[in-house]
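# An overview of the molecular structure
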Amino acid sequence: MGREGDRQGDLIVTWAEMPRSPGHVFYDRLQEVLIAGGFDPFVEKACQPYYAPKMGAPSVPPGRYFRMHMVGYFEGIASERGIAWRCSDSNSLRDFLRLENREKVPDHSWLSKTRGRLPHEVHETVFGWVLKLVAEQGLVRGKRIGVDASTMEANAALRTIVRRDDGRTYREMLTQMAKESGIETPTADDLVRLDRNRKGKKLSNDEWASKTDPEAKIAKLKDGRTHLAYKPEHAVDLDTGIIVAAALHPADEGDTTTIEGTLTAAEKNLAQVSAAPTQDKPGELVADKGYHSRAVLKDLDGGAWKTRIAEPKQSGFSRWRGDDKARAAVYANRTRLGSGVGKKAMRRRAEIVERSFAHNLDRGGMRRTWLRGRENVHKRYLVHVAGHNLGILMRLLIGAGTPRETAARGRAYLLFVYTEDAVAFILVAAAPNGLAILAIAITADLPADQSGTSATRC
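### A look at the pairing of strand 9 (residues 305-309)
Among the five residues in strand 9, four count as buried, and that is most of the element. As judged from the five bridges shared by strand 8 (residues 283-287) and strand 9, these two strands associate in the parallel manner. Paired with V286 across the strands is R308, a residue of strand 9. Chirality of the crossover, the property in question, places the unit of strand 8, helix 11 (residues 294-300) and strand 9 among those that are right-handed.

### Notes on the pairing of strand 5 (residues 217-220)
The side chains of a regular strand alternate between both faces of the sheet. Sheet topology note: the strand 5/strand 6 (residues 226-237) ladder contains four bridges and is antiparallel. Residue A219 lies in a different strand from strand 6, and its bridge partner there is H227. Hairpin remark: strand 5 followed by strand 6, antiparallel, with five residues in the connecting loop; positive phi at G224, about 95°.

### Overview of a nonpolar patch on the surface
A grouping of L414, F416, Y418, F425, L427, L438, I440 and I442 is seen on the molecular surface, where their side chains present a nonpolar patch of about 800 Å² in accessible area. Put simply, the parts of the chain that give the nonpolar patch at least two residues each are strand 10 (411-418), strand 11 (422-431) and strand 12 (434-445). Along the chain, the position of L427 falls in strand 11. Overall, the relative accessible area of 38% leaves L427 in the partly exposed class.

### Notes on the pattern of salt bridges
Using the criterion set out here, one finds 24 salt bridges in the structure. With a shortest N-O distance of 3.3 Å, R163 and D165 are connected by a salt bridge. The exposure class assigned to D165 is exposed, which follows from its relative accessible area of 56%. For the salt bridge of D255 with K231, the shortest nitrogen-to-oxygen distance reads 2.8 Å. Taken together, the positions of D255 in helix 10 (residues 255-272) and K231 in strand 6 put the pair 24 residues apart, joining distant regions of the chain. On the accessibility criterion, D255 (22% relative accessible area) is partly exposed. What makes K231 buried here is its relative accessible area of 5%. Salt bridges here are not isolated pairs; linked through shared partners, they connect E153, D223, R225 and R368.

### Some thoughts on helix 4 (residues 80-89)
Every buried residue of helix 4 is listed here: E80, G82, I83, A84 and C87. Packing partners of the buried residues in helix 4 comprise helix 3 (62-75), helix 5 (91-96), helix 6 (108-117) and helix 14 (374-398). Two or three places before G82, at the start of helix 4, stands the capping residue S79, its side-chain oxygen 3.1 Å from that residue's backbone nitrogen.

### Examining the nonpolar core
Residues F66, M68, V244 and L390 are the most contacted members of the largest nonpolar core, which totals 104 residues. Looking at this core, the element that brings in the most residues is helix 14, giving 11 residues. Residues in contact with M68, not counting those within four places in the same chain, are I83, A84, C87, L97, V105, P106, W110 and L111.

### A closer look at helix 6
Along helix 6, the residues classified as buried are W110, L111, T114 and R115. Summarising the axial view, the buried residues of helix 6 lie within an arc of 130°, below the 170-degree limit, and thus occupy one face. Set apart from the buried face of helix 6 by more than 90 degrees, the exposed residues are G116 and R117. On its buried face, helix 6 sits against helix 3, helix 4, helix 7 (120-135) and helix 14.

### Observations concerning the packing of helix 13 (residues 340-363) against helix 14
Two elements in contact, helix 13 and helix 14, have axes whose closest approach is 10 Å; the angle formed by their N-to-C orientations is 120°. As far as their axial angle goes, helix 14 and helix 13 are oblique. Seen from above, helix 13 lies across helix 14 with right-handed handedness. Of the residues in helix 14, those touching helix 13 at S356, H359, N360 and L361 are Y381, H384, V385 and H388.

Procedures and definitions
- Residues numbered from 1 in each chain as written.
- Predicted model: local features only at pLDDT ≥ 70, side-chain atom pairs only at ≥ 80, totals over all residues.
- Heavy atoms only, no water.
- Buried < 20%, exposed > 50% of the residue type's maximum accessible area, 1.4 Å probe, protein only.
- Helix = DSSP H or I, 4+ residues; strand = E, 2+ residues; numbered from the N terminus.
- Pairing = 2+ DSSP bridges.
- Right-handed = clockwise from strand over helix to strand, strands pointing away.
- Patch = residues over 30% accessible without salt bridge, like charges linked within 9 Å, V, L, I, M, F, W, Y side chains within 5 Å.
- Areas by Shrake-Rupley, 256 points an atom, 1.4 Å probe, with all protein chains shown as cover.
- Salt bridge = Lys/Arg side-chain N within 4 Å of Asp/Glu carboxyl O.
- Contact = heavy atoms within 4.5 Å.
- Polar contact = N/O pair within 3.5 Å; in protein donor to acceptor, adjacent residues only side chain to side chain.
- Core = buried A, V, L, I, M, F, W, Y, C linked by side-chain atoms within 4.5 Å.
- Arc of directions from axis to C-beta.
- Axes fitted to C-alpha atoms, helices over the stretch in contact; angles between N-to-C directions.
- Parallel < 35°, antiparallel > 145°, perpendicular 65-115°, else oblique.
- Left-handed = near helix turned anticlockwise from the far one by under 90°.

Just distances and angles here, no functional claims.
Structure representation (structure tokens):
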């Protein structure tokens, strides 16, 4: 029986003795796709202007930085500390990062510094490169675009907010109000009671701001909580599920305000893959009733987008006050929306666009961000969404869009064949990287002079 003793490292380890990963079907196939597309030379060329030409030691390759953030999407890890730990714990991910045996996985501080030094335009360039890659496989059509928004919890707490006019915290404001009401030394219970009973209580972004993340805005999240948040907005190709634009807006801006910026980004990205809508060949814009307004419909009417925006119910008649252009735009949108094609497009939007948020925010781990600053968060989110688009490409190539789905797609089938003279068992095991078949046949031989006895042969 072997017994555990003190562990002592070897002074010399040969190359053949070093541990190696058996590989992961998903990451190995994704690596082939990135290398075949020239991902690393492209990224290094895009990042070259932001590195010193001769000063200091060579940095970690920038392709590793973007790969680690893609791992964050595929593994559903929100924090960069978690990404670094997961990559250090897996030999398969070390191979995906193209690390040598003696190289260490970059830690979270390197990710933070690299993200701060690379501008927002580089991250948009990488997102556009991935969009071109999936467009080459026919996954970007640009004929029907669905737009919707969600909420992302910011890395800041409501208790850190201060008043914009004098810099007082919420607790300091309640303390002053308690003293003015006659309580000289208010306790925590007194402050809670005063805050609960006072009238006109509300938190306005015009009056309050966060000290830790001034760009985060007070908003109601999808689960009903009030928190500091950001507003991600997607423009999704309804025919394929590819996200053609992923904008990040302040959480206090309405849908009718932010749709212009998202559509501008979508048109820019679609133009890079020769799929941008034009006035002669407009694309369909499908959105929910939060985007319906006379101003939006009037601006989009006759342009590159043919709107199918859900119209909220209203009581009474609409008064146009001489605005014939707005009336024509609203009626045309209503007609397109009530057609069979419009109803089908709205059902498709509810399925595909909401699924993109479920993949990126909930399963992908970005429902709460651990970064601060809208541009800083958007950098990470762009690479995150690029991983989502690569996942759709992988689903087309190997039938699975995430590593977990790849592992779950293994199937085994047992077939039973019976005849008068033989019995056969056939076991078929199917996996994304191959197929295995095991066949067992049993026959019975009955000699004429030995009736009642039998011999088996396999």
